[in-house]
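A look at the structure
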Amino acid sequence: MIWNDDFETLPREAIESLQLKRLKQTLERVYATVPFYRESFQKAGVTPDAIKSLDDLRRLPFTLKQDMRDNYPYGLFAVPLDQIVRIHASSGTTGKPTVVGYTRRDIDMWAELMARSFVAAGAHRGDVIHNAYGYGLFTGGLGAHYGAEKLGASVIPMSGGNTKKQIMIMQDFGSTILTCTPSYSLYLAEAAADEGINIRDLKLRVGIFGAEPWTEEIRNEIEEKLNIKAIDIYGLSEILGPGVAIECHQAQHGLHIWEDHFIPEIINPDTGEVLPVGETGELVITTITKEGIPMIRYRTRDITRLIPEPCICGRTHVRIARMSGRSDDMLIIRGVNVFPSQIESVLVGIDGIEPHYQLIVDREENLDTLEIQVEVNEKAFSDEIKVLQDLSDRIRREIKDVLGVTSKVRLVEPKSITRSEGKAQRVIDRRKGK
Amino acid sequence: MKVEQISIFIENKSGRLAEVTEALGDMGVNIRALSLADTSDFGILRLIVDKTDLAKATLKERGFTVNKTEVVAVEVPDRPKGLFGILEILDRAQVNVEYMYAFVERCGGNAVIIFRFDNPEEAIKVLTQNKVNVLQGSRIYSM
């Protein structure tokens with residue numbers, strides 16, 4: 001099933017001509033209404049009428065998260081506040097949050113893209129959508145909510161937290177679709193087991209997981225533990241919120257990015273140069289229909305590549321590969337680039353440890369140290385010390401093989417690593433300020 | 001002829017050992033013998049108790065990682081070379097000792113040692129053949 005056949009299966013030439021038309025309109029609008037864009041275009045020596053093809057997009061300057069902070073709160077809005085019907089903000093881990101505003105048409109467009117995404121994931125009318133993304137300033141909860149209503153499914157606005165109640169409702173209300181972060185889905189499975197409920201026996205059929213990077217191995221683990229199909233969804237508040245891109249349930253390989261609303265580019269994060277299609281780099285997105293706060297060449301910091309090959313589901317929109325990490329999640333340990341997702345891939349492949357881990361990075365005598373804390377479960381536990389030491393040696397060796405970094409592995413008791421109800425905190429970097 | 005032992009994974013942080021003993025005490029479980037093996041990060045507490053299954057269930061419920069293994073309780077003469085005599089028998093039969101620890105109570109005039117073997121059946125066979133007294137589980141739990 002496809003939600004919007006007309007747009008989701010447009011031939012390539014039609015997508016591109018639509019993109020160019022909408023891009024030009026967006027550029028003219030932001031040039032006229034947003035001082036930040038006018039100045040940055042002028043500084044780069046381009047005007048909107050110089051953009052005559054999609055290739056010309058690369059002549060425009062990037063927009064950074066810092067630009068949003070510098071223009072806090074409403075400086076990048078392209079419409080007066082009396083046309084903004086909703087305001088969201090991302091968590092400001094460093095100082096002020098980044099603020100986004102939506103016009104009524106933006107909200108409708110978002111609901112449309114989320115409805116498309118639900119259908120791509122295999123949801124339909126009649127489904128009971130258990131929405132455990134946080135409701136509030138975070139875009140996850142309301143974004144998924146409006147899409148679920150647009151689809152005509154029954155949405156349960158659970159929000160995050162209160163895990164025991166989540167399980168009760170999931171069981172009693174017969175939830176068929178779960179939306180939350182991947183790490184929270186595993187926590188739910190574990191908490192259900194503690195209540196004596198096998199989450200595999202519930203009616204859940206599909207999980208739509210996003211808001212943090214996860215790996216193929218974790219997908220297998222979730223699918224096995226929850227007995228569902230696990231679908232990767234992508235979005236970020238600066239661009240829209242959830243529903244920018246999603247995997248189709250047919251292929252579960254790469255996320256279709258809705259190209260009638262966004263133009264994706266992949267750049268070399270160090271040089272800013274646009275990379276050939278298929279190469280891995282940082283995802284840059286331009287919005288071409290958003291009214292409230294259009295984004296021109298926004299640097300997402302997410303690392304991926306484009307998959308241009310046609311998809312078996314029939315959708316023609318290009319796919320982006322599963323995010324391999326964020327350029328700002330990347331740790332540099334003794335000069336080696338390390339993504340937490342690489343460590344996760346190793347850990348999930350080892351029997352007897354739980355998919356919960358934490359990385360502690362520190363500096364001792366000017367040398368970076370990496371400690372990996374992993375939870376031992378009953379399968380791996382033995383009354384003999386050497387068995388456990390073999391386990392931690394094996395983890396250390398495999399990490400070294402994959403990353404080329406020496407680490408210290410610390411086995412910890414099950415459930416001793418803090419469970420997150422939103423985005424998992426995988427890394428504690430104690431080097432800051434040292 | 002085998003004795004049930006529970007082992008518990010204990011992270012090296014203060015209070016964990018106390019929590020184990022408190023949990024067992026609350027359920028009226030009495031510890032008959034214990035040994036703690038430790039590394040810099042974690043330890044393994046091995047216990048022989050009077051109510052093995054209750055102890056295991058109680059600890060699991062409190063979130064501990066627990067498993068149950070079988071060990072062998074052997075009566076050892078309480079005199080010089082008493083333990084040596086036993087180990088010599090095992091060595092001749094090429095039975096490997098993973099670890100061992102002493103039991104608190106005595107059995108008559110003799111000491112009791114708990115052995116974890118890689119091959120407990122073989123160990124019991126050679127010990128019995130050599131007239132060493134291997135104690136029954138039921139005897140140990142109630143000693």
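Quick caveat, the model's predicted, so the values are computed rather than measured.

**A closer look at the domain arrangement of chain A**
All names here are of chain A. You can read the domains of chain A as domain 1 (1-327) and domain 2 (331-429). Summarising the inter-unit geometry, the C-alpha centres of domain 1 and domain 2 are found 30 Å apart. Every contact between the two is made by 17 residues of domain 1 and, on the other side, 14 residues of domain 2. Sorting the residues of the side of domain 1 that touches domain 2 by element identifies helix 8 (182-194) and helix 9 (216-226) as the ones contributing at least two each. With four residues, the single largest contributor to the side of domain 1 that touches domain 2 is helix 8. Tallied by class, the residues present in the side of domain 1 that touches domain 2 amount to six nonpolar, eight polar and three charged.

**Things to note about the environment of A:Ile199**
Residue and element names in this part refer to chain A. Note that Ile199 resides in the loop between helix 8 and strand 6 (206-209). In this structure Ile199 comes out as buried when scored by C-beta crowding, with 22 C-beta atoms within 10 Å. The sequence separation of Ile199 and Leu188 amounts to 11 residues, and the corresponding C-alpha distance is 8.2 Å. Excluding residues within four positions of it along the chain, Ile199 makes contact with Leu188, Ala189, Ala192 and Leu226.

**Re the sheet that holds strand 14 (residues 319-320) of chain A**
Residues and elements named next belong to chain A. Pairing within the open sheet is mixed, and its nine strands lie in the order 4-3-5-6-7-8-9-14-13. Across the chains shown, the open sheet's two edge strands, defined by having one partner strand only, are strand 4 (154-156) and strand 13 (306-307). Both strand 13 and strand 14 contribute to a ladder of two bridges, which runs antiparallel. Residue pairing across strands places Leu306 opposite Ile320, the latter belonging to strand 14.

Thresholds applied
- Residues numbered from 1 in each chain as written.
- Chains lettered and ligands numbered in written order.
- Predicted model: local features only at pLDDT ≥ 70, side-chain atom pairs only at ≥ 80, totals over all residues.
- Domains from an automatic or database assignment.
- Contact = placed C-beta atoms within 7 Å.
- Helix = DSSP H or I, 4+ residues; strand = E, 2+ residues; numbered from the N terminus.
- Nonpolar A, V, L, I, M, F, W, Y, C, P; charged D, E, K, R; others polar.
- Buried ≥ 20, exposed ≤ 12 C-beta atoms within 10 Å, placed from the backbone.
- Pairing = 2+ DSSP bridges.

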